[in-house]
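Single-letter residue listing:
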Amino acid sequence: MLGFPAFSFFDFNAPLVRPVLLSSAEIVKLITEFFKHNASSFGEAIKAAAVIRWEGCWEIVRPHVPHHSMASRRFLCNGVAVLVASVAWLFGKTELIDSSLKRDIIKRLAMSSSCSLVQVFSAAAVVLLSLESCSSPTGSPCGQTMGALLPGTGTLQAVEDGKMVHDQARRNGLVSDVYISTALVDFYAKCGCLVEARKVFDIMPERDVVAWNAMVAGSSLHGLYGDTMRLFFLQLAKDGLRLSPVILGTILRACSNMTDLRRGREIHGSIVKSGYLVDLMVGNTLLSMYAKCGIIKDAVRLFGEMESKDLVSHNAIISGCAQNGKAKEALVTFQEMKLSGLEPDSTTLVSFLPACSHLAALQHGACGHCFSIVSGFSMDTSICNALIDMYSKCGKVDTARLVFDRMHTRDIVSWNAMIFGYGIHGLGKKAVLLFHDMEIAGLCPDDVTFICLLSACSHSGLVYEGKKWFFAMSQYFYIAPRMEHYVCMVDLLGRAGLLYEALGFIEKMPCDPDFCVWSALLAACRTHRNIELGEEVSNKIQNMGHESSGNFVILSNMYSVAGRWDDAAHVRIKQRDQGFKKRPGCSWVEINGVIHAFVGGDRSHPHSAEIYNKLADLLMEMKRLGYQSESSFVFQDVEEEEKESILLYHSEKLAVTFGILTLGSNKPILVTKNLRICGDCHEALKYITIITRREITVRDASRFHHFKDGICNCGDFW
């Protein structure tokens, strides 16, 4: 022996599940020494040789084959068949097929199935070898052989080879066989030949649940969700076939992709009646359907009612919450999953990191980054893309760039995420330079790239560059502008004060401008206090029937700034009568992994007394430095003293003050706000950075503001 430990044969079979990890020398040892008298391990070892495509192994295997009673050991036949077929195909030694394998010993079914699994050689070779080397007494391949060939040809998308099998089955009169017909339906469906699949399906004398699964899954696989639904609700009912977990899962996925909640609820009812709700796969798919349809409340309720949950269940609810604005719930579910003993996988992290991005929960996101490194996910491109987005939205754009630079493989999403990150931090010139780097790298931009680029130009006031890239998009990159590109251009011109140029741009659009385009211009009118144009734009939005609370608030605030209190009141009454409610401003800050949220005038926080006292002290010091409150940002008709009090307790000031009280004196503060930062708060935070000698970053609904030494990086352009 060669010093192998005293393990059982079963112990040695386990490592061979992944044979590609074995070298040729290791396989020689396994075959010639330890596995000489064990057929199971012998078969696995020679399959390992086949997978690494080692020609010389056949000469070592040949002397040992007779010792293992191969006719009664199907798993051994598999290994020998794969090895010989691999050598014959890769090295042109077709004589091995006739001289080395006896037809009555090597089963072609075993050979074809194994080759389909490891995909060592093309489906064409599988068909050729099978049809030439093993015939039934009548000279034709048997039905089992042809049925076993079809899954491999479908997986490899080998349409012509599959059609050869179909022709052979037709000539042998095997098409009416349920096993062959089902395999043909599955093959054609996998290859996207749904017309041919349907023809075979329709002429089947009887259809079992496997045939239905193949037809329905094929339609869903290729995006024909309408056909999938019709098959299920019409023909399945016609045949009176009993439901199965597989077909229910397929139908639910179709409902998810179509966001067809009504149908999804009908399937949910059928699942309850049939008793399949206890099936974990069905439950997970149902959970995913509700999440993708945006019905998070139902998804969370179903999640709580599920008797058993696995990693897929948790991933579905985390992803659904993150994608539907329930980031806090996503983080809570993630923590519960960890406490239950389940280890996150790459799919978990791809959903978890965007939730951290939404809340600017940097510490949670950084922990996720560390976990990805320890777990070996740091090379995953999708994980890296999520990390770039997370760090950018948590105020750490330099860290995002480090992740970007260290990526081994970058896709278009990687470049887009980094360009977008620069944009929201007001680093438009860096965004443009990175776009040039992407061109040099040979990657073609897509429509999302130009949305990110134009947005970056808008936030940095790069009007000339924005115009240039907008026209280059269609003229040089042949990308037709979408409505989002027009919104970016209106925003670009509007922020720069070119309101009437923006209006002319809208009027020249080749398509009708939508609500978002006009809203961008209305926001610019508010910024530059052009009430006349603002009223005109507001009327256009009303005529479109796409009113929202945001537009009412903008117009009302414009009237308030101009002192037109009656007009402002009229707008608010109209807003109330139409059922729109103003979204309250909310700011939050992460302290030691805990997120603390505040609204204007909030006294519900346990440390409210300390916060208000500290704010009063800061106000006195700010006034000594020359600060004067911007009362124009109070949109109520009240006395000046009350306006100052209202401004002092805005949510962003409360969050910043709490950060000052709880974080070390040398630590920066990151605050996130759900709306645009108030102009008075923007001015006040400049003074606070001087007083406290620390950096303060505010992420509002539009971009980042980095305050340091009394200056904001936006240059008061936002």
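Residues numbered from 1 in each chain as written. Predicted model: local features only at pLDDT ≥ 70, side-chain atom pairs only at ≥ 80, totals over all residues. Heavy atoms only, no water.

Caption draft 1: Molecular detail of the overall build of the protein. Along the protein, the regular secondary structure elements total 38 helices and six strands. Every one of the 718 residues in the protein was classed for burial, and the buried ones make up 49%. The contacts of the protein with a sequence gap of at least 6 include a subset with a gap of at least 24, amounting to 66%. Accessible surface, the protein: about 33,600 Å² in total, of which carbon and sulfur atoms supply 54%. (Helix = DSSP H or I, 4+ residues; strand = E, 2+ residues; numbered from the N terminus. Buried < 20%, exposed > 50% of the residue type's maximum accessible area, 1.4 Å probe, protein only. Contact = heavy atoms within 4.5 Å. Areas by Shrake-Rupley, 256 points an atom, 1.4 Å probe, with all protein chains shown as cover.)

Caption draft 2: Here's a closer look at the side chain of Asp 700. With respect to the helices and strands, the residue Asp 700 is situated in the loop between strand 4 (696-699) and strand 5 (704-708). One buried charged side chain, Asp 700, makes no salt bridge at all; its nearest oppositely charged neighbour is Arg 676, positioned 5.6 Å away. For Asp 700, the side chain forms a polar contact with the main-chain nitrogen of Arg 703, separated by 2.7 Å. Polar contacts involving the side chain of Asp 700 include one to the side chain of His 705, which spans 3.3 Å. (Lys, Arg positive; Asp, Glu negative; His and termini not counted. Salt bridge = Lys/Arg side-chain N within 4 Å of Asp/Glu carboxyl O. Polar contact = N/O pair within 3.5 Å; in protein donor to acceptor, adjacent residues only side chain to side chain.)

Caption draft 3: Here's a closer look at the pairing of strand 5. Relative to strand 5, strand 4 runs antiparallel, the two sharing four bridges. Within strand 5, the position partnered with Thr 697 by the bridge is His 706. Connecting strand 4 to the antiparallel partner strand 5 that follows it, the hairpin turn spans four residues. As judged from the two bridges shared by strand 5 and strand 6 (residues 711-712), these two strands associate in the antiparallel manner. Within strand 6, the residue paired with Lys 708 across the bridge is Ile 711. In this antiparallel pair of consecutive strands, strand 5 and strand 6, the connection spans two residues, and Asp 709 shows a positive phi of 55°. (Pairing = 2+ DSSP bridges.)

Caption draft 4: How the structure looks around the packing of helix 27 (residues 447-460) against helix 28 (residues 463-475). In the contact formed by helix 27 and helix 28, the axes pass within 9 Å of each other and the chain directions differ by 165°. The pairing of helix 27 with helix 28 is recorded here as roughly antiparallel in orientation. Crossing angle aside, the handedness with which helix 27 passes helix 28 is left-handed. Listed contacts from helix 28 to Phe 450, Leu 453, Leu 454 and Cys 457 of helix 27 are Glu 465, Gly 466, Trp 469, Phe 470 and Met 473. When its residues are assigned to classes, the contact of helix 27 with helix 28 shows seven nonpolar, one polar and one charged. (Axes fitted to C-alpha atoms, helices over the stretch in contact; angles between N-to-C directions. Parallel < 35°, antiparallel > 145°, perpendicular 65-115°, else oblique. Left-handed = near helix turned anticlockwise from the far one by under 90°. Nonpolar A, V, L, I, M, F, W, Y, C, P; charged D, E, K, R; others polar.)

Caption draft 5: Structural view of the packing of aromatic side chains. Under the counting rule described, the total for this entry stands at 13 aromatic pairs. Where Phe 334 meets Phe 352, the ring centres are 4.0 Å apart and the plane angle is 20°; that geometry is what we call stacked. Of the two residues, Phe 334 is situated in helix 20 (residues 327-339) and Phe 352 in helix 21 (residues 346-359); the sequence distance between them amounts to 18 residues. Neither Phe 334 nor Phe 352 differs from the other in exposure class; each is buried. (Phe/Tyr/Trp six-rings, centres within 6.5 Å; stacked < 30°, edge-to-face > 60°.)

Caption draft 6: Looking closely at the UniProt feature "repeat: PPR" (unreviewed entry) in the protein. In the numbering adopted here, UniProt assigns the feature "repeat: PPR" (unreviewed entry) to residues 177-211, 279-309, 310-344 and 380-414. The span residues 279-309 carries 74% helix and 0% strand; its end-to-end C-alpha distance comes to 10 Å. Secondary structure content for residues 310-344 is 74% helix and 0% strand, and the end C-alpha separation is 11 Å. (UniProt positions renumbered as here; feature names shortened; annotations may be inferred.)

Caption draft 7: Representation of the sheet that holds strand 6 within the structure. Taken in spatial order, the six strands make up an open sheet running 2-1-3-4-5-6, and their pairing is mixed. Of all strands in the sheet, those with a lone pairing partner are strand 2 (594-599) and strand 6, marking the two edges.

Caption draft 8: Expanded view of the confidence of the model for the protein. In this model, the protein carries an average pLDDT of 78, and 72% of its residues clear a pLDDT of 70 or more. Here helix 1 (residues 9-13) is the element of the protein with the lowest mean pLDDT, 36, and helix 25 (residues 412-424) is the one with the highest, 97. Ignoring residues within four places in sequence, the model shows residues 66-140, a span with pLDDT below 50, making 138 contacts including any to other chains. (pLDDT = per-residue confidence, 0-100.)

Caption draft 9: Representation of helix 22 (residues 362-374) within the structure. Taking 1.5 Å per residue, 13 residues should reach 18 Å; helix 22 reaches 18 Å between its end C-alpha atoms and fits that length. Taken together, the buried residues of helix 22 touch helix 20, helix 21, helix 23 (381-393), helix 24 (397-405) and strand 1 (586-591). Residue Gly 376 follows helix 22 closely and has a positive phi angle near 80°. (Expected span 1.5 Å × (residues − 1).)

Caption draft 10: A look at the pairing of strand 2. Bridge count between strand 1 and strand 2: six bridges; the pairing is antiparallel. From the neighbouring strand, Cys 586 faces strand 2, where its bridge partner is Val 599. As consecutive antiparallel partners, strand 1 and strand 2 are separated by two residues, and within that stretch Asn 592 has a phi angle of approximately 50°, a positive value.

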